[in-house]
Amino acid sequence: HFHVLKNRTFTPTINIDKLFNVAGEGVYEAAKNASGGKAPVIDLVSKGYFKLLGNGQINVPVIVKAKYFSKLAEKKIKEAGGACLLTA
């Protein structure tokens, strides 16, 4: 292993069930009362998480920004009416 780069695999993860705990106060209420395509945006990279995994339920539309999404997480967010945005 010449010049091994440890930070290539640095990917802190979070599950859907913890999404609103990280997002802060009032985000869940804003998502629940959202109408006309005004879903709140949750930026996970700024909160220190790079990948969203699909454990847990979500039933309100939110727009999630992250570097990586698992297939299940993407499916669940889209079924709830939200969107997954990839950030660099």
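The structure under discussion appears in the preceding block.
Here the residue numbering is sequential within each chain, running from 1 through the sequence in written order. Confidence filtering applies because this is a predicted model: local features only for residues at pLDDT of at least 70, side-chain atom pairs given and counted only at 80 or more, and all residues used for totals across whole chains, interfaces and linings. Derived side-chain values reflect all non-hydrogen atoms in the structure, with water molecules and hydrogen atoms excluded from consideration.

Enquirer: Where do I start with the nonpolar core in this structure?
Expert: Among soluble globular proteins, nonpolar side chains are generally buried collectively. Nonpolar core, defined: a set of buried Ala, Val, Leu, Ile, Met, Phe, Trp, Tyr and Cys residues in which side-chain atoms within 4.5 Å join the residues together. Only protein chains enter the accessibility calculation, which uses a 1.4 Å probe; a residue is then buried when its area is under 20% of its type maximum, exposed when over 50%, and partly exposed in between. Within the largest apolar cluster, 20 residues are counted, with the highest numbers of intra-cluster contacts made by Leu19, Ile42, Leu44, Leu52, Ile58, Val62 and Val64. A run of DSSP states H or I qualifies as a helix once it reaches four residues; a run of E qualifies as a strand once it reaches two. Both are numbered from the N-terminal end. Taken together, the elements giving at least two residues each to this core come down to helix H1 (19-23), helix H2 (27-32), strand E4 (63-66) and helix H3 (71-79). Looking at this core element by element, the count peaks at three residues for H1. Sequence-distant contacts of Ile42, defined by excluding residues within four places in its chain, comprise Leu19, Phe20, Ala23, Val27, Val62, Ile63, Val64 and Lys65. Throughout, a contact is declared for two residues whenever any of their heavy atoms are within 4.5 Å.

Enquirer: Would you mind showing me how to read the packing of aromatic side chains here?
Expert: Between 30 and 60 degrees the pair is tilted, below 30 it is stacked and above 60 it is edge-to-face, where a pair is any two Phe, Tyr or Trp rings, Trp via its six-membered ring, whose centres lie within 6.5 Å. Taken as a whole and judged by the stated rule, the model has two aromatic pairs. Aromatic side chains Phe10 and Phe50 sit 5.8 Å apart centroid to centroid with 90° between the ring planes, which places their arrangement in the edge-to-face category. You can see Phe10 sitting in the segment before strand E1 (13-15) and its partner Phe50 sitting in the loop between strand E2 (41-43) and strand E3 (51-53), a full 40 residues away along the chain. When the ring of Phe20 is compared with that of Tyr28, the centres are 5.0 Å apart and the planes differ by 80°; the resulting orientation is edge-to-face. Under the relative-accessibility criterion, Phe20 is labelled buried at 19%. Residue Tyr28 is classed as partly exposed on the basis of its relative accessible area of 29%. The lysine or arginine in question, Lys67, covers the ring of Phe50, its NZ or CZ lying 4.1 Å from the ring centre. Should the NZ of a Lys or the CZ of an Arg lie within 6 Å of a ring centre and within 35 degrees of the ring normal, that charge is described as sitting over the ring.

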